[in-house]
Amino acid sequence: MAPQRIDRRALPRHIGIIMDGNGRWANQRGWERTRGHKAGSKAVRKVVKACRRWGVEVLTLYAFSAQNWGRPDFEVKALMDLLAEFIAREWEEIMERGIRVVHLGELRKVPVEVRKRLLSLEKASRKNRDMTLALALSYGSREELLRASRNLARRVSEGKLLPRDLDLSTIDKALYTSRLPDPDLIIRTGGEMRLSNFLLWQSAYAELYFSKVLWPDFTTEHLRLAIVDYQSRKRRFGLTDEQIQDRL
Ligand code: IPE
Ligand code: IPE
Ligand code: MG
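Things to note about unusual backbone geometry
Although it is not a glycine, Asn-197 sits at a positive phi angle of roughly 70°. Residue position: Asn-197 is located in the loop between strand S5 (185–188) and strand S6 (207–210). Its relative accessible area of 13% is what places Asn-197 among the buried residues. Although it is not a glycine, Phe-237 sits at a positive phi angle of roughly 55°. By the element assignment, Phe-237 lies in the loop between helix H7 (220–231) and helix H8 (241–247).

Right under this line is the structure:
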């Protein structure tokens, strides 16, 4: 059977990927976990290029969670070094391909070298229009909601916002993702079926796709399969089939 092709007219606008399984990939080979992270960072490139080629508007990559700070120091350091390397290595290609880079997460905790490089890339790429690559780094969805709540509470206490004027869009705008559409498709590699604090608010109606493939082994072919699967789903957003048909 010929492989099913992606329908370019029905692409997910925003794909989020939980890139999991680096440690297990390395362990299976009797190697240190950090070698898995290195292989994982290499797998990113092709996936970004494929999304850009297919016409996905936003790709969010979960690179490091707020909870990942609790890992052993040498692993955290290795991950941060790889991030800095990734930015330097991919800079030219990101600019050539018209990709805008943004970050989601608490950057203040990130080592200054990585932070500086990331902020420079964001600045340099801010006018690029062909795709947005959002890096969720030092990101936790609960932490994001807590930060938004604090900011909104401050505005209320200063009399700049009335509680009755607070609505869903006020909350959307207070999140790191304020300028991004909600994710349509969340992919998690590595076989676990959980979200691990990733875009909890924003994923209210996202389609979820779980792959057993460990992140370093994830290819554009696996991504294609995920998108084809997404395109076979029927999204209803709480309505009936008939209502959805009428809207099309
Ligand atoms: C994902 O791989 C990368 C990060 C969380 C930074 P893991 O390091 O979680 O790999 P496993 O889940 O232990 O295999
Ligand atoms: C989620 O993976 C975070 C990233 C992929 C960056 P984890 O490996 O940290 O998640 P848990 O611990 O299995 O839930
Ligand atoms: Mg993991």
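Let's pick the thread back up.
A few points about the site of ligand 1
Taken together, Met-19, Asp-20, Gly-21, Asn-22, Gly-23, Arg-24, Arg-33, His-37, Ala-63, Asn-68, Arg-71 and Leu-79 form the complete shell of residues around ligand 1. Within the backbone of Gly-23, an N or O atom sits 2.9 Å from an oxygen atom of ligand 1. The contact in question runs from an oxygen atom of ligand 1 to an N or O atom on the side chain of Arg-24, over 2.7 Å. Summarising the interface, the protein chains cover 87% of the accessible area of ligand 1, which totals 380 Å² for the free molecule. Listing elements by their share of the shell around ligand 1, those giving two or more residues are helix H1 (22–28) and helix H2 (33–54). Counting residues per element, the shell around ligand 1 draws most heavily on H1, at three residues. Its residues placed into classes, the shell around ligand 1 shows three nonpolar, five polar and four charged.

Observations regarding the pattern of salt bridges
Per the stated rule, a full pass over the model turns up 26 salt bridges. Of the charged contacts, one joins Asp-130 and Arg-52 as a salt bridge, the two residues approaching to 3.5 Å between their closest N and O atoms. Note that Asp-130 is positioned in the loop between helix H4 (112–124) and strand S4 (131–139) and Arg-52 in helix H2, a separation of 78 residues in sequence. Taking relative accessible area as the criterion, Asp-130 reaches 44% and is therefore assigned partly exposed. According to the relative accessible area criterion, Arg-52 is partly exposed, its value standing at 26%. The network of salt bridges with shared partners includes Arg-45, Lys-49, Glu-85, Arg-89, Glu-90, Glu-93 and Arg-97.

Observations regarding the nonpolar core
Note that soluble globular proteins tend to have their nonpolar side chains buried in a common cluster. Of all hydrophobic cores here, the largest spans 45 residues; its most connected members are Ile-15, Ile-17, Leu-59, Leu-61, Ile-187 and Leu-223. With eight residues, the top contributor of residues to this core is helix H3 (residues 73–96). With sequence-adjacent residues up to four places away left out, Ile-17 is seen in contact with Val-47, Leu-59, Thr-60, Leu-61, Tyr-62, Ile-187, Phe-198, Trp-215 and Leu-223. Ranked by size, the runner-up nonpolar core spans 14 residues in total, among them Ile-18, Leu-104, Tyr-139 and Leu-199.

The rules behind each value
- Within each chain, residue numbers correspond to sequence positions counted from 1 in written order.
- Here every chain gets a letter starting at A, and every ligand a number starting at 1, in the order they are written.
- Where totals are concerned, whole chains, interfaces and linings use all residues; where local detail is concerned, this predicted model gives features only for residues with pLDDT of at least 70, and gives and counts side-chain atom pairs only at 80 or more.
- Calculation of side-chain values draws on the structure's entire complement of heavy atoms; hydrogens and water are dropped beforehand.
- Labels follow the DSSP assignment, with helices taken as runs of H or I lasting at least four residues and strands as runs of E lasting at least two, numbered in each case from the N terminus.
- The cut-offs for exposure are 20% and 50% of the maximum accessible area for each residue type, with area from a 1.4 Å probe on protein chains only; residues under the lower value are buried, those over the upper are exposed, and the others partly exposed.
- One heavy atom suffices: a residue is near a molecule or strand as soon as one of its heavy atoms comes within 4 Å of it.
- By the criterion applied in these results, polar contacts are pairs of N or O atoms within 3.5 Å in which, for protein atoms, one can donate a hydrogen and the other can accept it, and in which residues neighboring in sequence qualify only through two side-chain atoms.
- Computed with the Shrake-Rupley method and a 1.4 Å probe, the accessible areas treat only the protein chains shown as cover for residues.
- When residue character is reported, Ala, Val, Leu, Ile, Met, Phe, Trp, Tyr, Cys and Pro are called nonpolar, Asp, Glu, Lys and Arg charged, and the others, Gly included, polar.
- For salt bridges, the criterion is a side-chain nitrogen of Lys or Arg within 4 Å of an Asp or Glu carboxyl oxygen.
- The term nonpolar core refers to a set of buried residues drawn from Ala, Val, Leu, Ile, Met, Phe, Trp, Tyr and Cys, joined through side-chain atoms within 4.5 Å.
- It only takes one pair of heavy atoms within 4.5 Å for two residues to be counted as in contact.

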